[in-house]
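Tertiary structure, described
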Amino acid sequence: MKVCLSCGKRFAEEDWYCPSCNKSPKIVDGFLSFAPDLAAKNDGFGAESFEQLFKVEAGNFWFRSRNKLLIWALSKYFPQAESFFEIGCGTGYVLSGIQREFPNLRLYGSDIFSKGLSFAEQRLSDISLFQMDARRIPFEMEFDIIGAFDVLEHIDEDEVVLQQMFQAIKPGGGVILTVPQHWFLWSIVDEYSFHKRRYTRKELIKKVKDAGFQVVYATSFVSFLLPLMLLSRIIRQKTRDNFDPVAELKINPCLNMIFENTLAIERAFIKCGFSFPAGGSLLMIAKRKRR
Ligand SMILES: [Zn+2]
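Reference entry: report on the structure contained in this document. (Residues numbered from 1 in each chain as written. Predicted model: local features only at pLDDT ≥ 70, side-chain atom pairs only at ≥ 80, totals over all residues. Heavy atoms only, no water.)

Summed over the entire model, instances satisfying the criterion amount to 13 salt bridges. The closest approach of N and O atoms between Asp150 and Arg66, which form a salt bridge, is 2.7 Å. On the criterion of sequence distance, the pair formed by Asp150 in the loop between β8 (143-149) and α5 (158-168) and Arg66 in helix α2 (residues 61-77) is long-range, its members being 84 residues apart. (Salt bridge = Lys/Arg side-chain N within 4 Å of Asp/Glu carboxyl O. Helix = DSSP H or I, 4+ residues; strand = E, 2+ residues; numbered from the N terminus.)

One pass over the full model with this rule turns up 26 aromatic pairs. Geometrically, the ring pair formed by Phe11 and Trp16 is edge-to-face, given 6.2 Å between the ring centres and 90° between the ring planes. In terms of burial, Phe11 and Trp16 fall into one category: buried. Between Phe139 and Phe143, the aromatic rings sit 4.9 Å apart at their centres with planes inclined by 70°, giving edge-to-face as the arrangement. Each member of the pair, Phe139 as well as Phe143, carries the same accessibility label: buried. Over the ring of Tyr77 we find Lys76; its NZ or CZ atom is 5.5 Å from the centre of that ring. Above the face of the Phe166 ring, Arg288 is positioned so that its terminal group lies 4.4 Å from the ring centre. (Phe/Tyr/Trp six-rings, centres within 6.5 Å; stacked < 30°, edge-to-face > 60°. Buried < 20%, exposed > 50% of the residue type's maximum accessible area, 1.4 Å probe, protein only. Lys NZ or Arg CZ within 6 Å of the ring centre and 35° of its normal.)

So, about the coordination of the zinc ion. On the protein side, the zinc ion has Cys4 (SG), Cys7 (SG), Cys18 (SG) and Cys21 (SG) as donor atoms, found 2.2 to 2.3 Å from it. Cys18 gets classed as buried once you look at its relative accessible area, which sits at 1%. Under the relative-accessibility criterion, Cys21 is labelled partly exposed at 25%. (Donors = N, O, S within 2.8 Å, 3.2 Å for Na, K, Ca; no water.)

What follows deals with the sheet that holds strand β11 (residues 281-287). Here nine strands make up an open sheet; going across it, the order is β3-β4-β7-β6-β5-β8-β9-β11-β10 and the pairing mixed. Unpaired on one side and paired on the other, β3 (26-28) and β10 (214-221) mark the two borders of the sheet. Ignoring strand direction, the axes of neighbouring strands in this sheet form an average angle of 25°. Note that β10 and β11 share seven bridges and pair antiparallel. By the bridge assignment, Phe221 is partnered in β11 with Ser281. Running over the sheet, α2 touches β5 (83-87), β8, β9 (169-180), β10 and β11 and is turned about 20° from β11. In the packing of helix α3 (residues 93-101) onto the sheet, contacts are made with β5, β6 (106-111) and β8, and the angle to β6 comes to roughly 180°. (Pairing = 2+ DSSP bridges. Axes fitted to C-alpha atoms, helices over the stretch in contact; angles between N-to-C directions. Contact = heavy atoms within 4.5 Å.)

Below you can see the structure in the form of structure tokens.
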């Protein structure tokens, strides 16, 4: 079901003309745009990072490993899913991995920046992409799964976003979320990444439950690398005057391989049902009860 953001009318028509108030969303940079005022600039992210990300994601251990973890979570917890909507899809790297693995899944992606979407469009075929503010999602009981991967920490009103996700998910469906974890890892890297917070497991569980969901699984990941991560954050903090915001993405190929293998070992534990208590990030699966 679609929701008109002007008058609140619920409607099921194919096109986006509201049958009640006759309004329809604008098109910005070729994409259906539900929050055009925020499409080029907002305080959640630096749009200039997309080009950089687009170049490095496919080779970087972190993005590659996170994709494998998400693909596992999707097949384990939502084997029957027919539709998947990613909020904050950026350059579409996660969606392209999901499309390869689940070619029959109907895919939707949104980002608050239309710039990210034009990169995503190059990577994906047969997908609906639109510009949207996650605090105002124009759907109700529409999707089997909604994913938001390292997105919630960019938004002040994360609880509103979770409530909106709940509204947009079909009963029996659910969310897959990842967020950065542990306040003691907070550093200049978070500041440059436009983060509003890092989460504790307790905080995310509470917010997800308050939105109406039932949490079915949570684990930390990037756990074995936590000591190294902490060390790197301390060094970056001490040398903050010379901070290079893209240094996090430039990594020695040998280290990149070692880190990727380390995360593969972690993933093997997770697949066996282990839940890591600590780690740089947190993965959470939560479901909306069937009626
Ligand atoms: Zn309307």
